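Secondary and tertiary structure notes
Each chain, written out:
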Amino acid sequence: MKKVEAIIRQEKLEELKAAVDREVEISGMTVTQVLGCGTQKGQKSYVRGQEVITTLLPKVNISFVLDDEAVDSVIDLIINLCHSEDFGNGKIFVYPIEEVIRIRTRESGKAAI
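Below is a short write-up of the structure.

The rules behind each value
- Residues numbered from 1 in each chain as written.
- Predicted model: local features only at pLDDT ≥ 70, side-chain atom pairs only at ≥ 80, totals over all residues.
- Heavy atoms only, no water.
- Helix = DSSP H or I, 4+ residues; strand = E, 2+ residues; numbered from the N terminus.
- Buried < 20%, exposed > 50% of the residue type's maximum accessible area, 1.4 Å probe, protein only.
- Polar contact = N/O pair within 3.5 Å; in protein donor to acceptor, adjacent residues only side chain to side chain.
- Contact = heavy atoms within 4.5 Å.
- Expected span 1.5 Å × (residues − 1).
- Arc of directions from axis to C-beta.
- Core = buried A, V, L, I, M, F, W, Y, C linked by side-chain atoms within 4.5 Å.
- Axes fitted to C-alpha atoms, helices over the stretch in contact; angles between N-to-C directions.
- Left-handed = near helix turned anticlockwise from the far one by under 90°.
- Nonpolar A, V, L, I, M, F, W, Y, C, P; charged D, E, K, R; others polar.
- Salt bridge = Lys/Arg side-chain N within 4 Å of Asp/Glu carboxyl O.

Relative to the assigned elements, Asn89 resides in the loop between α2 (68–82) and β6 (90–96). The exposure class of Asn89 is buried, given its relative accessible area of 16%. Looking at Asn89, its side chain comes within polar contact range of the main-chain oxygen of Ser84, at 2.8 Å. Those residues in contact with Asn89, other than ones at most four positions away along the chain, are Ile7, Ile8, Arg9, Cys82, His83 and Ser84.

Following this line, the structure appears as structure tokens:
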């Protein structure tokens, strides 16, 4: 099992959720609003003629716990939907998961995903 975590632009969330529902067999996802910066180092804007540099930009963190077989298809889907030539598209992280346990039924492993 693997955990796939993607930090993406907020405007891509609804499109990604719809595509995941249509194209991938997953049992759920966790979505969190986050702030951060990377290579982009923030964004320059002007307020009342004054330059303002916002260093922490709003993003969305989406997490999936998946069977190893589903990881590549979810990663491809995220990249295809969230890619552009601009900075700030986000990142994808993949972590190994040792165990999953459903609290309600005490099921573990694949049955708990």
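Turning our attention to α2. Spanning 15 residues, α2 covers 22 Å between terminal C-alpha atoms, matching the ideal 21 Å at 1.5 Å per step. Inspection of α2 places Ala70, Val71, Val74, Ile75, Leu77, Ile78, Leu81 and Cys82 among the buried residues, and these make up the whole buried set. End-on view of α2: buried residues confined to an arc of 165 degrees, all on one side of the axis. Turned more than 90 degrees away from the buried face of α2 sit Glu69, Asp72 and Asn80, all of them exposed. Each element contacted by the buried residues of α2 is listed here: β1 (2–8), α1 (13–23), β5 (57–66) and β6.

Of all hydrophobic cores here, the largest spans 20 residues; its most connected members are Val4, Ile8, Leu16, Phe64 and Ile78. Only β1, α1, β5 and α2 provide two or more residues apiece to this core. With eight residues, the single largest contributor to this core is α2. The contact partners of Leu16, leaving out residues within four places of it in the chain, are Ile8, Ile62, Leu77, Ile78 and Leu81.

This part is about the packing of α1 against α2. Relative to each other, α1 and α2 sit at 145 degrees, their axes nearing to 10 Å. Two packed elements cross with a definite hand, and for α1 against α2 that hand is right-handed. Contacts between α1 and α2 involve Glu15, Leu16, Ala19, Val20 and Glu23 from the former and Leu77, Ile78 and Leu81 from the latter. Across the contact of α1 with α2, the residue classes break down as six nonpolar, no polar and two charged.

Moving on, we come to the pattern of salt bridges. A full pass over the atoms with the stated rule returns seven salt bridges. With a closest N to O distance of 3.5 Å, Lys3 and Glu5 form a salt bridge. The partly exposed category is assigned to Lys3, whose relative accessible area is 25%.

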